[in-house]
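A closer look at the structure
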Amino acid sequence: MRGRRGARRSRALAQSGRPAPWHPRPDMGRLGRPGSCSTSRRRNLPPLLLCLLFVGPFHCLASYSRATELLYSLNEGLPAGVLIGSLAEDLRLAPRAPGRPDPQPPQRAPQPGPPLSFSLASRGLSGQYVTLDNRSGELHTSAREIDREALCLEGGGGGGAAGGDSISIASSPSPDSCLLLLDVLVLPQEYFRFVKVKIAIRDVNDNAPRFPVSQILVWVPENAPVNTRLAIEHPAMDPDVGTNGVQTYRLLDYHRMFTLDVEENENGERTPYLIVMGLLDRETQDQYVSIIIAEDGGSPPLLGSATLTIGISDINDNCPLFADSQINVTVYGNATVGTPIAAVQAVDRDLGTNAQITYSYSQKVPQASKDLFHLDETTGVITLSSKIGGSVLQTHRLTILANGPGCIPAVITAMVSIIRVTFRPPEIVPRYIANEVDGIVYLKELEPVNTPVAFFTIRDPEGKYKVNCHLDGEGPFRLSPYKPYSNEYLLETTKLMDYELQQFYEVAVVAWNSEGFHVKKIIKVQLLDDNDNAPVFLQPLIELTIEENNAPHAFLTKLYATDADSGERGQVSYFLGHDAPSYFSLDSVTGILTVSTPLDREEKEKYRYTVRAVDCGKPPRESLATVALTVLDKNDNSPRFINKDFSFFVPENFPGYGEIGVISVTDADAGRNGWVALSVLNQSDIFVIDTGKGMLRAKVSLDREQQSSYTLWVEAVDGGEPALSSTTKITILLLDINDNPPLVLFPQSNMSYLLVLPSTLPGSPVTEVYAVDKDTGMNAVIAYSIIGRRGPRPESFRIDPKTGNITLEEALLQTDYGLHRLLVKVSDHGYPEPLYSTVMVNLFVNDTVSNESYIESLLRKEPDINIEEKEPQISIEPTHRKVESVSCMPTLVALSVISLGSITLVTGMGIYICLRRRKKHPREDESLEVQIPLKGKIDLYMRERKPMDISNI
């Protein structure tokens, strides 16, 4: 309804000082703010009150007194945030925005002072539709949309009370306007104002005309003259006002018989009138149906419609008529009293009481004829009312009148001829064997063939004529002579009778004599129904479908079975078979099949059970039908992973796009609802999952040393609408492969050396070889061994295979002075083949280091060392030692005690060890630093380092 509402910005412009009538502007801006009634008397209160009395409630006052009134206007249905007006500008408490005219300049220049504050005196209904900026004084529309019709036509009230706000119609500038009233306080005291703000809500064409009823019936008498005017009740209503209200009416089809006119009363209400433009005849057409359309004056106009049925009421403009003017009737002189001899019928095309016809004899009919023949005044049936005597006239002329209300009677003549009978006709004397009541014989439908019905005695009263007889009429009966008697006849059945095929038979026993005179006896046979038919379902297999999660007592179908029997024998009751689940219900009378509980397709998809249709016969008969119910799937099950979480163990260096494992997920739903798509939520740049097989793969080769485990979240989304999903946690643990040789951290270089004092006691630790292995488990178990020695007596030193500590085995002699070189092999216990590194440990036995260049020259010489392939014997257990900054502290403390000169160098070594722990260098660089080939000669010049002075640790 708000589709055509504009969203233009509402603004307020100040009025001139002279009061003027209130006129709504075509845009959605504000109405002008009236100024004071007289600029020379702005501060004179009595003239101000007089001015208010003359101007009336439809003008707003914006003087500079303590009480001020402002009037704005805006269209209904504007969105939130539309500017209605600025109180600060319109009260001239702040400079006007550029481009906005100021009809009256302020009396004095504004002086700098405290900031203005605007607030609503109270928050009522009006305050819900606007927002007031406390600093700028700007009024904007709020998030609650203004609906003029809801406010003023339904919830409108009188003017607001003092100190409050309301919605007002009475105080608006025009009867069609609607006002929101606000009381605003302006502070501080220097600028104090009590401002009454009126916001006029302008109507927009957002409501289409609507008839109160969808079917309108107007009755027009068929004799209505041309130009007859009939008011159409239930005119269309439009909550909009003015030109947006209902303006005109028209018919979709005038049928060339009608037109419409619209009259407007003094209140402005428009009523449509139906005008007859042609002659009407109910007997030709009794009603006209068209669509009446109401149109408002909006741009574009909105329409409303209803069905208009114009009924043509009947008047008595037709009289009874006979189809013939005369009928001829023949009556035998021996006719039985009460026998109908003729019937007359007239037709009147009118309706109701206008078509009531009564029949009577004309006054010209002799009284003797009236006494002999009775005329039913309602049905027009003529019956023989008395026995025909010998003196009765042979011809009777019966003039019959058909009388209608306000009509000249229609006339028909019945010529009745009486045929005299001068002999006695044959006689038929029945003697019933079957049950007979009031001339009707009752037989059961299951009576066997040749069931006797009655005996008939045929005789001639005068005894001089031969009498014959036969059976006339159709039916399963036979009339045959009953021997040895010559005038006895037996009526019996010839075949089985079926009540469902035919319930009533009428045959006649006809007897005639040799003179050609005959007589007949009518035999009426009524069959009695037996319960010989079982109920029959329309379909032996009733196939039904229902969506799962149905509402309790949901309707499934209505069973219907027919029973050809009559009465109670044909009344069918419905029952569930013994194989039907207990939560299915079947109404025994109506046959309505329901299910009392919600069904779950995942629990059971198909139901198959029997239903019974039982009649009320004795004994009852029944038939069975099978109900096949299929529960249709709804997407009510999220995908379910077979495990709460998954764990996979993958060897490191696993090839890219190799199969890690299968993520098994199921969805109990069917069809598209059961289709499941898998996706990796995190680390999708490394892992990918095959939706079809659920196979998890790694896009890249995985390195345990970079990251030992991965935690993934995999989402499974089904194909339902809306889709359901579930997630699972996948942990991938990388199994270590022996792909990293031990890394020697100390000594740092093959060119470094350590000073060993000759006074060192045997068993004292001299130095150590410290190495780490980035692998884990057995791949990180490190063993140390000396595989090559060179020096005066290098066998004086041994290395602990487990810790790498090098100790002095024997006391040093004078001959042991000099450089001892030990080639240490650092090997892991990896499988299938251990990896190793080598390092040269240089020990200089002497009291002091007096000539470093000499030692360096010895180090640069290529040593001739024989390789000893002897593996160390140690207990194997993981010794993956982590290098931390704390492990460097004992070394630094010991070195600082021994030699102050080596503090700087040792500190650098500690920093280097810590950095190497956090930063991975290429393996080639590591090999250049710590590995010495075991075959061939040892290259001591692979990397040169400045020799270090290290005493015993």
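Residues numbered from 1 in each chain as written. Predicted model: local features only at pLDDT ≥ 70, side-chain atom pairs only at ≥ 80, totals over all residues. Heavy atoms only, no water.

**A word on the overall build of the protein chain**
Helices and strands together make up the secondary structure of the protein chain, namely 8 helices and 60 strands. Among the 953 residues that make up the protein chain, the fraction classed as buried is 44%. Pairs at least 24 residues apart make up 68% of the contacts formed inside the protein chain by residues separated by at least 6 positions. (Helix = DSSP H or I, 4+ residues; strand = E, 2+ residues; numbered from the N terminus. Buried < 20%, exposed > 50% of the residue type's maximum accessible area, 1.4 Å probe, protein only. Contact = heavy atoms within 4.5 Å.)

**What about the side chain of Glu652?**
Along the chain, Glu652 falls in the loop between β44 (645–651) and β45 (659–662). Put simply, Glu652 is tucked away with no salt bridge, and the nearest opposite charge, on Arg704, sits 4.3 Å away. A polar side-chain atom of Glu652 sits 2.9 Å from the main-chain amide nitrogen of Arg704. Here Glu652 is in contact with Leu702, Asp703, Arg704, Glu705, Leu735, Asp736, Ile737, Asp739 and Asp775, once residues within four sequence places are set aside. (Lys, Arg positive; Asp, Glu negative; His and termini not counted. Salt bridge = Lys/Arg side-chain N within 4 Å of Asp/Glu carboxyl O. Polar contact = N/O pair within 3.5 Å; in protein donor to acceptor, adjacent residues only side chain to side chain.)

**Quick word on unusual backbone geometry**
A cis amide bond links Lys483 with the next residue in sequence, Pro484, at an omega value of 10°. Inspection of the secondary structure puts Pro484 in the loop between β30 (477–481) and β31 (488–493). The amide bond that connects Lys618 to the next residue, Pro619, takes the cis arrangement and shows omega of -5°. Backbone geometry places Arg92, a non-glycine residue, at a positive phi of 60°. Its place among the elements puts Arg92 in the loop between α2 (87–90) and β3 (117–120).

**Section: the packing of aromatic side chains**
This model, assessed by the stated rule, comprises 13 aromatic pairs. A ring pair is formed by Phe537 and Tyr574, whose centres lie 6.5 Å apart and whose planes are at 50°; its orientation type is tilted. Residue Phe537 is located in strand β34 (residues 536–537), and its partner Tyr574 is located in strand β38 (residues 572–576); the two are separated by 37 residues in the primary sequence. Among the residues examined, Phe537 registers a relative accessible area of 8% and is labelled buried. With a centroid separation of 5.5 Å and an interplanar angle of 70°, the aromatic rings of Phe584 and Tyr607 are classed as edge-to-face. Within this pair, whereas Phe584 is found in strand β39 (residues 584–586), its partner Tyr607 is found in strand β41 (residues 606–615), the two being separated by 23 residues in sequence. Both residues of the pair, Phe584 and Tyr607, belong to the buried class. Pairwise contacts between aromatic rings join Tyr583, Phe584, Tyr607 and Tyr609 into one cluster. Just above the ring of Tyr273 sits the side chain of Arg229; from NZ or CZ to the centre is 5.2 Å. (Phe/Tyr/Trp six-rings, centres within 6.5 Å; stacked < 30°, edge-to-face > 60°. Lys NZ or Arg CZ within 6 Å of the ring centre and 35° of its normal.)

**Some thoughts on the sheet that holds strand β17 (residues 326–332)**
Read across the sheet, 4 strands follow the order β17-β24-β23-β20 without closing on themselves; strand pairing throughout is mixed. The two strands at the open ends of the sheet, each matched to only one other strand, are β17 and β20 (358–361). Direction aside, neighbouring strands of the sheet carry axes that sit 30° apart on average. Pairing geometry for strand β23 (residues 395–403) and strand β24 (residues 410–419), over 8 bridges, is antiparallel. Across the sheet, His396 pairs through a bridge with Val416, a residue of β24. (Pairing = 2+ DSSP bridges. Axes fitted to C-alpha atoms, helices over the stretch in contact; angles between N-to-C directions.)

**Observations concerning the nonpolar core**
One broad trend across soluble globular proteins is that nonpolar side chains are buried collectively. With 29 residues, the main nonpolar core has Leu87, Phe118, Leu139, Val184, Val197 and Ile199 as its most contacted residues. Put simply, the parts of the chain that give this core at least two residues each are β1 (67–75), α2, β3, β4 (130–132), α3 (148–154), β7 (178–187) and β8 (193–202). Apart from the residues within four sequence positions on either side, Ile199 is in contact with Tyr72, Leu74, Ile84, Val130, Leu139, Cys178, Leu179, Leu180 and Leu182. Tyr359, Val365, Ala402 and Ala410 belong to the second largest nonpolar core, which has 27 residues in total. (Core = buried A, V, L, I, M, F, W, Y, C linked by side-chain atoms within 4.5 Å.)

**Some thoughts on the sheet that holds β4**
Sheets are built from strands paired through backbone hydrogen bonds, the pairs being either parallel or antiparallel. One open sheet accounts for 3 strands, arranged β2-β5-β4; its pairing is antiparallel. At either margin of the open sheet sits one strand with a lone partner, and together these are β2 (83–86) and β4. Each adjacent strand pair in this sheet contributes to an overall mean axis angle of 20°, direction not counted. Here β4 runs beside strand β5 (residues 138–141); their pairing, made up of 3 bridges, is antiparallel. Directly across from Leu132, in β5, lies its bridge partner Leu139.

**Quick notes on the pairing of β23**
The side chains of a regular strand alternate, first on one face of the sheet and then on the other. Inspection of the sheet shows β20 paired to β23 by 4 bridges, in the antiparallel sense. Paired with Tyr361 across the strands is Ile400, a residue of β23. Linkage of β23 to β24, two consecutive antiparallel strands, is achieved through a turn of 6 residues, within which Gly406 is found at a positive phi near 70°.

**Considerations on the state of the cysteines**
Overall, the coordinates contain 1 disulfide when judged by the stated rule. Disulfide partner of Cys319: Cys407, at an S-S distance of 2.3 Å. Classification of the bridge connecting Cys319 and Cys407 rests on its S-S torsion, roughly -85°, and on that basis the disulfide is left-handed. Here Cys319 is found in the loop between β15 (303–313) and β16 (321–322), whereas its partner Cys407 is found in the loop between β23 and β24, with 88 residues between them in sequence. Residue Cys319 is classed as partly exposed on the basis of its relative accessible area of 31%. Classification of Cys407 by relative accessible area gives buried; the value is 14%. (Disulfide = S-S within 2.5 Å.)

**As for the pattern of salt bridges**
Considering all chains together, one arrives at 20 salt bridges under this definition. Among the salt bridges present, the one from Glu263 reaches Arg229, with a minimum N-O distance of 2.5 Å. Here the residue Glu263 occupies a position in strand β12 (residues 258–264), and Arg229 occupies one in strand β10 (residues 229–231), the gap between them amounting to 34 residues. We classify Glu263 as partly exposed; its relative accessible area is 35%. What makes Arg229 partly exposed here is its relative accessible area of 35%. Between Arg612 and Glu622 there is a salt bridge; the shortest N-O distance is 2.7 Å. In this pair, Arg612 is assigned in strand β41 and Glu622 in strand β42 (residues 622–632), connecting sequence segments 10 residues apart. Beyond isolated ion pairs, a larger network of salt bridges with shared partners links Arg601, Glu602, Glu605 and Asp633.

**Notes on the environment of Gly763**
Structurally, Gly763 can be placed in the loop between β53 (753–756) and β54 (765–768). In this structure Gly763 comes out as exposed when scored by relative accessible area, which is 51%. Every residue in contact with Gly763, bar those within four places of it in the chain, is listed here: Thr807 and Leu808.

**Comments concerning the pairing of strand β22 (residues 381–384)**
Bridge analysis of strand β18 (residues 340–343) against β22 gives 3 bridges, and the strand direction is antiparallel. Bridging from a neighbouring strand, Ala342 pairs with Ile382 of β22. Across 3 bridges, the pairing between strand β21 (residues 373–375) and β22 is antiparallel. Its bridge partner lying in β22, His374 is registered against Thr383.

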